[in-house]
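Summary of structural features
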Amino acid sequence: MSISAKTLDTNEYFYGHKACAGCGGSLAVRAALKVLGERTVAVLPAGCMSAVGFNFPQLCFANNAIISMFAGTASMLTGVEAGLRRRGITDFHAVGFAGDGGTADIGIQALSGAIDRGDDILYICYDNEAYMNTGIQKSGLTPYGARTTTTPAGEHIHGNLRPKKNMFEIVAAHGIPYAATATVGYLPDFLAKVEKASKIKGPKYIHVIAPCPTGWGIPVSDTVEAAKEIADCGLWYLAEYENGSFRLNRDPKEFTSAEDYLRRQSRFRHLTDEDIRVIIESRDKKWEYIRKNWKQ
Amino acid sequence: MTKKFLSGDEAFAEGVRLARPEVISAYPITPQTIVVERLSEMVEDTSLDAEFIHVESEHSALSCAIGASAAGVRTFTATSSQGLLYMAEGLVYASGGRFPIVMMNANRSTALPWNIYGDQRDSLALLDTGWIQAYAENAQEALDLALMSYYIAEHRDVSTPFMVNLDGFILTHTYEEVEVPEQAQADAFLPHYETDNCFDFDNPKNMAFSAGPDTNYLFKYKEHAAMLRAVPVIREAEEKFAAVFGRQYPGLIDTYRTEDAEIILITLGTIAGLAREVADSLRAQGTKAGVVRLRYLRPFPGKELAQAVKSASALAVLEKDISFGAAGTVYTNVTSALQANGVTAPVYNFIGGLGGRNISRADIEAVFAKTASGTQQVNFIGIEVENA
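Computed from a predicted structure; not experimentally measured.

1. A closer look at helix α3 (residues 58-70) of chain B
Residues and elements named next belong to chain B. When the terminal C-alpha atoms of α3 are compared, their 18 Å separation across 13 residues agrees well with the 18 Å that a helix rising 1.5 Å per residue should span. Within α3, 13 of the 13 residues are buried, leaving the element largely enclosed by the surrounding structure. You can read the cap of α3 off the contacts: a side-chain oxygen lies 3.3 Å from the backbone nitrogen of His59, and it is on Ser57. In the stretch just after α3, Gly72 is the one whose phi turns positive, near 100°.

2. Description of unusual backbone geometry
A cis amide bond, omega 5°, links Phe56(A) with the succeeding residue Pro57(A). Here Arg298(B) and Pro299(B) are connected by a cis peptide whose omega angle stands at -5°. As for its placement among the helices and strands, Pro299(B) is situated in the loop between β13 (296-298) and α11 (302-308). With a phi angle near 70°, Glu129(A) is a residue other than glycine that sits in the positive phi range. Residue placement: Glu129(A) occurs in the loop between β6 (122-127) and α6 (167-172).

3. Observations regarding the pattern of salt bridges
Residues and elements named next belong to chain B. In total, this model carries 50 salt bridges over all chains according to the counting rule given. The partner of Glu141 in a salt bridge is Arg293, and the shortest N-O contact between them spans 3.1 Å. Note that Glu141 is positioned in helix α7 (residues 139-154) and Arg293 in strand β12 (residues 289-294), a separation of 152 residues in sequence. Each member of the pair, Glu141 as well as Arg293, is classed as buried. Residues Lys220 and Glu223 are paired through a salt bridge, measuring 2.5 Å at the closest nitrogen-oxygen approach. Within this pair, Lys220 and its partner Glu223 are both found in helix α9 (residues 216-245), separated by three residues, close to a single helical turn. The buried category is assigned to Glu223, whose relative accessible area is 15%. Connected through shared salt-bridge partners, Glu137, Glu141, Glu238, Asp254, Arg276, Arg293 and Arg295 make up one network.

4. What to know about the interface of chain B and chain A
Each side of the interface is counted separately: chain B has 40 residues, and chain A has 39 residues. Summed over both partners, the interface of chain B with chain A buries about 3,100 Å², with 60% contributed by carbon and sulfur atoms. Considering only the surface of chain B that becomes buried against chain A, Phe199(B), Phe201(B) and Asn206(B) emerge as the three largest contributors, covering 25% of it. At the boundary of chain B with chain A, the tally comes to four salt bridges. Of the charged contacts in the structure, one is a salt bridge between Glu22(B) and Arg86(A), with a shortest N-O distance of 2.7 Å. Across the chain B-chain A interface, the total number found is 23 residue pairs in polar contact (both at pLDDT 80 or more).

5. Some remarks on the sheet that holds strand β7 (residues 178-183) of chain A
Read across the open sheet, the nine strands follow the order β10(A)-β9(A)-β7(A)-β8(A)-β6(A)-β5(A)-β1(A)-β4(A)-β9(B); overall the sheet is mixed. Each edge of the sheet is formed by a strand with only one pairing partner; in this case those strands are β10 (245-248) of chain A together with β9 (206-207) of chain B. Where strand β1 (residues 40-45) of chain A meets strand β5 (residues 93-99) of chain A, four bridges bridge the pair, whose relative direction is parallel. Each bridged residue has a counterpart across the sheet, and for Val41(A) the counterpart in β5(A) is Ala94(A).

6. So, the sheet that holds strand β15 (residues 347-351) of chain B
The strands making up a sheet associate through hydrogen bonds between their backbones, and the pairing can be parallel or antiparallel. All names here are of chain B. The strand order β10-β12-β11-β14-β15-β16 describes an open sheet built from six strands, whose pairing is mixed. In this open sheet, the two edge strands, each paired with only one partner strand, are β10 (253-256) and β16 (378-380). This sheet shows a mean twist of 20° between the axes of neighbouring strands, independent of strand direction. Of the pairings in the sheet, the one linking β10 to β12 comprises four bridges and is antiparallel in character. In the strand pairing of β12, Asp254 is matched with Arg293. Relative to the sheet, helix α12 (residues 329-340) contacts β11 (263-267), β12, β14 (314-319) and β15, its axis offset from that of β14 by approximately 150°.

Definitions and limits used
Residues numbered from 1 in each chain as written. Chains lettered and ligands numbered in written order. Predicted model: local features only at pLDDT ≥ 70, side-chain atom pairs only at ≥ 80, totals over all residues. Heavy atoms only, no water. Helix = DSSP H or I, 4+ residues; strand = E, 2+ residues; numbered from the N terminus. Expected span 1.5 Å × (residues − 1). Buried < 20%, exposed > 50% of the residue type's maximum accessible area, 1.4 Å probe, protein only. Polar contact = N/O pair within 3.5 Å; in protein donor to acceptor, adjacent residues only side chain to side chain. Salt bridge = Lys/Arg side-chain N within 4 Å of Asp/Glu carboxyl O. Contact = heavy atoms within 4.5 Å. Buried area = accessible area lost by both parts, 1.4 Å probe. Pairing = 2+ DSSP bridges. Axes fitted to C-alpha atoms, helices over the stretch in contact; angles between N-to-C directions.

In structure tokens, the structure reads:
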């Protein structure tokens, strides 16, 4: 049965936490746990979701959950899965929720190791495009041009000079059984991918865009809108990697304005017309590659 | 029980096999490698029914072991030197979470300069991470500590991770005759691991959480109290071990001819054997010499040590470690405990064996001689310097 608003579990598994208003990350965690259900062990590294959800004695997960070391989301998942299996427990999901820094930077080694071992775990990267928990510092998934507190936008440097690290294809290059991209702006697509992943044996990876109003400089009411727009304007894409091949899930006939998407966020407000031209050129090049090489 | 000719690493692997861990996660590093190679072979030949997880680093080795311990099963890892330092974050994580993981550490020098040989700077630098620390002297004790470490770590009064240290090469790679117990004996000694410090699908738990200034100190106090409670549990484990296996261990410290000794050498690890031989020679020449081997550094045997050295007029601490700008870490611990327990005899520190440099019989004779005549506070064996 496919997941929809009608069939989605009405129980709450991530509740009573102190995430900021409009937090995209907490929406991703809350929604994914409704798909995975109560027999889930969630592993969350140091980062926003552990900082807002695990403050003794106010512990906010209704399912089993644990904070891992920052670099250790995937390696702890491996141990949790192996330990429970040794106890004869098999009907559970071991899921990790790590941010962009916890995944693409400090946690990439452990993630690569777990995928390489073929461990039966689901790893969800909620990507808000910077180290938001520590106050908006650049991560490996901060997009080109974004202003963060460690990539200030000034006269000499216009914010972050590097593009987002391509985690989806890095993960796919391991020959992982299942990987997907998603955004909390298209929640049914994300939920369907979580459900699909939950039924596949071995390592699974889902990379979900989860806007942070504080870090992006948007109103707290615009999280979902921004998360839709990033895919609509082509600066993100919805895709899957399965059985050794890539598939594009959604191919917009026409992109909405990337410039409008960027200009609405204070982290991009300093960008010049030339900066925006560079971003659009890079977007178009990526889509040309995707449309040529990936199934649709 | 069968007798086998085993290295320290191999003996430890036999002890781990008998302890029946469910999850083993480890990354290779010299001179630890043999223990994980043997355990891999035991898993392959089905003499050990465990998950052997080939992690991609020491950090992941301990992270994985913590995850498995949180799932409620007995775990094992092993490392050495740089690997131990690489997993240092996990050491405080495991102890803070009260996960009774057992780790074997092959004591090895730390870079720089690079050096694969044995000294004790790796584990002693991590004395404050909340792990029980024991130091084996020979392969038999290594095997026996593998079994006792689980008993002590997993005891409900303790629930604290346990690091068993073996001197790199000198113990890890030296072959000795070792009594390997039967599985039935090991099972009679070591119960199956039962804990409620783990996930529960009937009553879900949030583990490894944050605790602010209002409660954090309470958790830290409980860690300290649990470590102190390990003292009677170590005694209990040794009594039970003696009843099952017929080998009685002496507790936190191992004393040799200390009852009437005037000069006592305090040390740890394999060098204690040579120190005892030197003490015998000195006694034959009329000097009342004795030796204390510290078997445990955490919990620290302050009272036991003070009691053991009360007859001495001068004391030496010989260790393969230095805390630069201070003294050897063992010395600092010893002098602090002796002062707190009213021992006023002078105590001198002798630093030796760094980077695997041999400590000879003559070196130890010189340690006793300098201690008897009085010397500077911190002495490097093999380096003569003016009193600083």
